[in-house]
Amino acid sequence: MAVKTWMGYRMTDSTWGKVKEELRKSVGKNSFVTWIEPLEFTGLKDGVASFSVPTQFVGDWVSRNFADQIKHLMSRGGKPVSRIRFTVCRQGRAKNDTKGSGIGTAAGSKPVPATPARVRSGNGDGDFGLPQAPLDPRFTFDSFVVGKPNELAYTAARRVAEGGPVAYNPLFLYGGVGLGKTHLMLAIAHALQIRKPELRIVYISAEQFMYRFIRALRDSKALKFKQQFRSIDVLLIDDVQFIAGKNSTQDEFFHTFNALVQENKQLVISGDRAPGEIKDMEERIKSRLQCGLVIDLHPTDYELRLGILQHKVEQQRQQYGDLRIADGVLEFLAQRISGNVRTLEGALIRLFAFASLVGREITLELAQDCLADILRASDRKISIEEIQRKVAEHYNIRLSDMIGPRRVRTIARPRQMAMYLAKQLTSRSLPEIGRRFGGRDHTTVMHGVRRIEELMASDSQIADDVEILRRSLED
Ligand code: ADP
Ligand code: MG
């Protein structure tokens, strides 16, 4: 590319190349690949450095997050760069100047943008814009720690993010709060937007969907609403359970859904439970939701929690520098905070903030002090009695049969289920569990646990029962 001059100062591609190298070090590898690499330096004039960017998002994001660094590094050459300009250069599209209008993602730790992330403009549709999926570098596949409980969901999400032919539609992700549903959806949007900037990708919570629909009805713009939603290439709807019971919204959702599926457009939907279990959801919608790939995110296990903590520590270090953590602290947290990832993350953030404030190493005592309330809350232990009661209710048998001698299958199976759950959800040993089930031997318990494990693989009814019971016990 030609050499650009500015008052005798020559800024060349190779100078930009050097600046890029500096940036690679300062912003980290992921951010570099996502944000800096796509920038193409196009010139420097009157203190304004120009870049062409593949999408407006990249421009906005860089402008908000890296502009100062870029200006600083470029200015080091001797002459100040006072402003940076981004021009969207997309095949077949009009060039479009972007100013740093910003992406409306909050700086907090919650990934769901409460307000529309931004409005996709320039399609001649007037002011009735849809929120474009936010590109938030915190919620990517790279920052998602994979373990057994979320492996399947992760793999399916990755597959969708490849943007190949639509393999399953919709992809339905479900699971309890804070297990990573929103994170995965945003990661899909993020990856797709970078890979295929020409696609129209919309991430929206079901609540926002409803709100916009109602507003459209009120403003007599229902038709425009329909057209807009039906012109989307990839639609991600978060927390679909929200529209349960809201009839006109469900209707509209159903039609949007069908229209997009017919056009072979990808849908990704999340919910807090399996489609069939969402109360007050119309049957036709439930069955629609089930006809793609339905995957659940399981509650975290110890290994996953530890992995996430280790990953987040690295992130925190970028902010707080090299705070020291004593051995065993992360293991302690992974063991004791068994709730969702959000709680875990919150605990770690608080711990780092506190330790840096008081300038101390993060020791076990410090963690216990600083997180006393979280640790207490996580301490709520599920008792074996509680499990027995819930399981007996679920299968409609008498509680006394749990500990009694009857061996008919209608009694024995629920008993095995309760044993299995006791093993999974409490820290009791097999002999202890055996004692609580009318003094049975630990080998009986082990057999029961194995039996349920086998059945879960072969009998979806049993697998569902386990999930329902587990959830109601953990609530
Ligand atoms: P959900 O939508 O299922 O309620 P979120 O996606 O909002 O959960 O996740 C809650 C928080 O935990 C987010 O900050 C998210 O980044 C983080 N998180 C969840 N799962 C993981 C994971 N496997 N690796 C890293 N962070 C995770
Ligand atoms: Mg969520």
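As the structure is a computational prediction, the values presented were derived from the model and not from experiment.

**Q** Which residues make up the pattern of salt bridges, and what values go with them?
**A** One pass over the full model with this rule turns up 23 salt bridges. In this structure, arginine 24 and glutamate 21 form a salt bridge, with 3.4 Å as the shortest nitrogen-oxygen distance. Of this pair, arginine 24 and glutamate 21 both sit in helix H1 (residues 13-27), three residues apart, roughly one helical turn. Relative accessible area serves as the criterion here: at 39%, arginine 24 is assigned to the partly exposed category. The exposure class of glutamate 21 is partly exposed, given its relative accessible area of 40%. Residue arginine 230 is joined to glutamate 252 by a salt bridge in which the shortest nitrogen-to-oxygen separation is 3.1 Å. With arginine 230 in helix H8 (residues 222-230) and glutamate 252 in helix H9 (residues 247-262), this pair connects stretches of sequence that are 22 residues apart. Through salt bridges with shared partners, a single ionic network connects Lys226, Arg230 and Glu252.

**Q** Mind laying out the packing of helix H16 (residues 384-395) against helix H18 (residues 409-425), listing which residues take part and the relevant values?
**A** The geometry of H16 relative to H18 is characterised by a closest axis approach of 9 Å and an angle of 145° between their N-to-C directions. Every pair of crossing elements has a handedness; the one defined by H16 and H18 is right-handed. The residues of H18 that touch H16, namely those facing Ile384, Ile387, Val391 and Tyr395, are Pro414, Met417, Ala418, Leu421, Ala422 and Leu425. Residues that form the contact of H16 with H18 fall into these classes: ten nonpolar, no polar and no charged.

**Q** Requested: an account of the site of ligand 1, with residues and values cited.
**A** Around ligand 1 there are 20 residues in total, and Gly178, Thr182, His183, Arg342 and Glu345 lie nearest to it. Here an oxygen atom of ligand 1 and a backbone polar atom of glycine 178 are 2.6 Å apart. Within the side chain of lysine 181, an N or O atom sits 2.8 Å from an oxygen atom of ligand 1. For ligand 1, the accessible surface in isolation is 550 Å², of which the surrounding protein chains cover 97%. When contributions to the shell around ligand 1 are tallied by element, the ones reaching two or more residues are helix H6 (181-195), helix H11 (302-320) and helix H13 (341-358). Looking at side-chain class alone, the shell around ligand 1 contains eight nonpolar, eight polar and four charged residues. Two domains each donate at least three residues to the shell around ligand 1, and these are domain 2 (148-296) and domain 3 (302-378).

**Q** For the packing of aromatic side chains, give the residues involved together with the corresponding values.
**A** Taken as a whole and judged by the stated rule, the model has 13 aromatic pairs. Taking the centre distance of 5.6 Å and the plane angle of 65° together, the rings of phenylalanine 209 and phenylalanine 225 count as edge-to-face. You can see phenylalanine 209 sitting in helix H7 (residues 206-218) and its partner phenylalanine 225 sitting in helix H8, a full 16 residues away along the chain. Residues phenylalanine 209 and phenylalanine 225 agree in their burial class; the two are buried. An aromatic cluster of at least three residues, connected via ring pairs, comprises Phe209, Phe213, Phe225, Phe229, Phe253 and Phe257. Against the face of phenylalanine 242 rests lysine 246, its NZ or CZ located 4.1 Å from the ring centre. When the ring centre of phenylalanine 254 is taken as reference, the NZ or CZ atom of arginine 284 above it lies at 4.0 Å.

So, how was this worked out
Residues numbered from 1 in each chain as written. Chains lettered and ligands numbered in written order. Predicted model: local features only at pLDDT ≥ 70, side-chain atom pairs only at ≥ 80, totals over all residues. Heavy atoms only, no water. Salt bridge = Lys/Arg side-chain N within 4 Å of Asp/Glu carboxyl O. Helix = DSSP H or I, 4+ residues; strand = E, 2+ residues; numbered from the N terminus. Buried < 20%, exposed > 50% of the residue type's maximum accessible area, 1.4 Å probe, protein only. Axes fitted to C-alpha atoms, helices over the stretch in contact; angles between N-to-C directions. Left-handed = near helix turned anticlockwise from the far one by under 90°. Contact = heavy atoms within 4.5 Å. Nonpolar A, V, L, I, M, F, W, Y, C, P; charged D, E, K, R; others polar. Near = heavy atom within 4 Å. Polar contact = N/O pair within 3.5 Å; in protein donor to acceptor, adjacent residues only side chain to side chain. Areas by Shrake-Rupley, 256 points an atom, 1.4 Å probe, with all protein chains shown as cover. Domains from an automatic or database assignment. Phe/Tyr/Trp six-rings, centres within 6.5 Å; stacked < 30°, edge-to-face > 60°. Lys NZ or Arg CZ within 6 Å of the ring centre and 35° of its normal.

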